[in-house]
Amino acid sequence: MVNDNTSILEFKDTDLGYNGKAIMHNLNFSVSAGEIVCLLGPNGVGKTTLFKTMLGFIPPIAGKIIINNTDISEISPRDFARLIAYVPQTHATPFPYKAKEVVLFGRAVHLGIFAAPGKRDHKIAEECLELLEVKHLAERPFTELSGGEKQMVIFARALAQEAQFIILDEPTSNLDYGNQVRIIRKINELKKQSAGILMATHSPDHAFMVGSKVIMMEKGNIYKSGLPETVITSDNLKKIYGIDVSVIGTKEYNTVCVPIIN
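In this report, we go over the structure that sits alongside the text. Computed from a prediction, not measured in an experiment: that's the story for all the values here. Counting of residues starts from 1 at the beginning of each chain's written sequence and follows it residue by residue. Per-residue local features are limited, in this predicted model, to residues with pLDDT of at least 70; the limit for side-chain atom pairs, both in listing and counting, is 80 or more; totals at the level of whole chains, interfaces and linings are taken over all residues. As a convention, hydrogens and water are excluded, and side-chain values are obtained from all of the structure's heavy atoms.

### Focus: the pattern of salt bridges
In step 1: Only one rule defines a salt bridge in this text: a Lys or Arg side-chain nitrogen within 4 Å of an Asp or Glu carboxyl oxygen. Applying the stated criterion across every chain, the model contains 12 salt bridges.
In step 2: Notably, a salt bridge pairs Lys186 with Glu133, separated by 3.7 Å at the nearest N-O pair. With Lys186 in helix 6 (residues 177-192) and Glu133 in the loop between helix 4 (119-131) and helix 5 (147-160), the pair connects residues that are 53 residues apart, well separated along the chain.
In step 3: Burial status follows relative accessibility: with a 1.4 Å probe on protein chains alone, a residue under 20% of its type maximum counts as buried, one over 50% as exposed, and anything between as partly exposed. Residue classification places Glu133 among the partly exposed residues on the basis of a relative accessible area of 46%.
In step 4: Residue Asp244 is joined to Lys238 by a salt bridge in which the shortest nitrogen-to-oxygen separation is 3.0 Å.
In step 5: Judged by its relative accessible area of 39%, Asp244 falls in the partly exposed class. Secondary structure elements are taken from DSSP: a helix is a run of H or I of four residues or more, a strand is a run of E of two residues or more, and numbering for both begins at the N terminus.

### Digging into helix 6
In step 1: Here a helix's expected span is defined as the number of its residues, less one, multiplied by 1.5 Å. Helix length check: helix 6 (16 residues) gives 24 Å between terminal C-alpha atoms against 22 Å at 1.5 Å per residue, within 8%.
In step 2: Within the span of helix 6, buried status applies to Asn179, Ile183, Ile184, Lys186, Ile187, Asn188 and Leu190.
In step 3: Should any heavy atoms of two residues lie within 4.5 Å, those residues are considered in contact. Packing partners of the buried residues in helix 6 comprise strand 3 (36-40), helix 4, helix 5, strand 7 (165-169), strand 8 (196-200) and helix 7 (204-210).
In step 4: Polar contacts, as counted here, are pairs of nitrogen or oxygen atoms within 3.5 Å of one another; within protein the pair requires one atom able to donate a hydrogen and one able to accept it, and residues that are adjacent in sequence qualify only if both atoms are side-chain atoms. The backbone nitrogen of Gly178 lies 3.1 Å from a side-chain oxygen of the residue at the head of helix 6, namely Asp176.
In step 5: Phi for Ser194, located one or two positions after helix 6, is positive at around 75 degrees.

### A look at the packing of helix 4 against helix 5
In step 1: Helix axes are fitted to C-alpha atoms over the stretch in contact, other axes to C-alpha atoms as well, and angles between N-to-C directions run from 0 to 180 degrees. Running from N to C, helix 4 and helix 5 point in directions that differ by 135 degrees, and their axes come no closer than 9 Å. Relative to helix 5, the element helix 4 is oriented oblique. By crossing handedness, the relation of helix 4 to helix 5 is classed as right-handed. On the side of helix 4, the interface is formed by Ile124, Cys128, Leu129 and Leu131, while helix 5 contributes Ala156, Leu159 and Ala160. Relative orientations are named as follows: roughly parallel for angles under 35 degrees, roughly antiparallel for angles over 145 degrees, roughly perpendicular for angles from 65 to 115 degrees, and oblique for any other angle. The sense of a crossing depends on the near helix, which, turned anticlockwise from the far helix by less than a right angle, makes the crossing left-handed and, turned clockwise, makes it right-handed.

### Focus: the packing of helix 5 against helix 6
In step 1: Relative orientation of the contacting elements helix 5 and helix 6 amounts to 10 degrees, with a least axis distance of 12 Å. Put simply, helix 5 runs roughly parallel to helix 6. Here helix 5 contributes Met152, Phe155 and Leu159 to the contact with helix 6, which in turn contributes Asn179, Ile183, Ile187 and Leu190.
In step 2: Here the residues of the contact of helix 5 with helix 6 sort into six nonpolar, one polar and no charged. Note that Gly is not counted as nonpolar here; it falls among the polar residues with everything else outside the nonpolar set of Ala, Val, Leu, Ile, Met, Phe, Trp, Tyr, Cys and Pro and the charged set of Asp, Glu, Lys and Arg.

### Thoughts on a nonpolar patch on the surface
In step 1: Candidates for patches are residues over 30% relative accessible area with no salt bridge; among them, like charges are joined within 9 Å and nonpolar side chains (Val, Leu, Ile, Met, Phe, Trp, Tyr) within 5 Å. Computed by Shrake-Rupley with a 1.4 Å probe, the accessible areas treat only the displayed protein chains as cover when residues are assessed. On the surface, Phe95, Tyr97 and Phe105 cluster together to form a nonpolar patch covering roughly 300 Å² of accessible area.
In step 2: You can see Phe95 is positioned in the loop between strand 6 (84-87) and helix 3 (99-104).

Following this line, the structure appears as structure tokens:
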């Protein structure tokens, strides 16, 4: 999956909320092709509202969300699905589709109304499963997979969509430690392929691992934004999470955040 390296997703003076009442205010940031932006913030800060608005489920209260110079309200659902893929925290289907069939659903946006997936679509679906190292799940019913296995398959479906931007809502939340590391590695690979990625996470360490831009949210506002090295500090983490944290860097390993328990 290689995208146009000029693609850009922008929030311009955007207020988000429900029934005319804003809970997120004056958002101004962008995600460019080949860039990863990590959203950090406590529960209830508004990340879910941000994703719902970006995906078109609720309209912005003020301002605009723009993709490649076009307001998202002016983009057809079919074209929108070619621009943005979404990986939720959890996903359920009542039907026992095979895992490879779930991934193949990601190709639907590239097919005609009555067209069936062709050889290329099946090949891309298989490659996405292989990329995430879960090809062995291909023939298993999705309903019988573990939570972590389902998460990996849904991630593969998003990759099969071949969208310009991928929205990740806490992509490692249901994964064991090994698969968490694998997902972070794959996210870094996607950046190299010019995908723009907006990723919400509760782990500040992830921002260091993916070399991203960081946006810290607090009470519906952007508190700090910039590179992890300048934004993720002990003082800033205490401000938004209310706990003491040591930020430790070494020459050999990634910088890590260690909560102070005692």
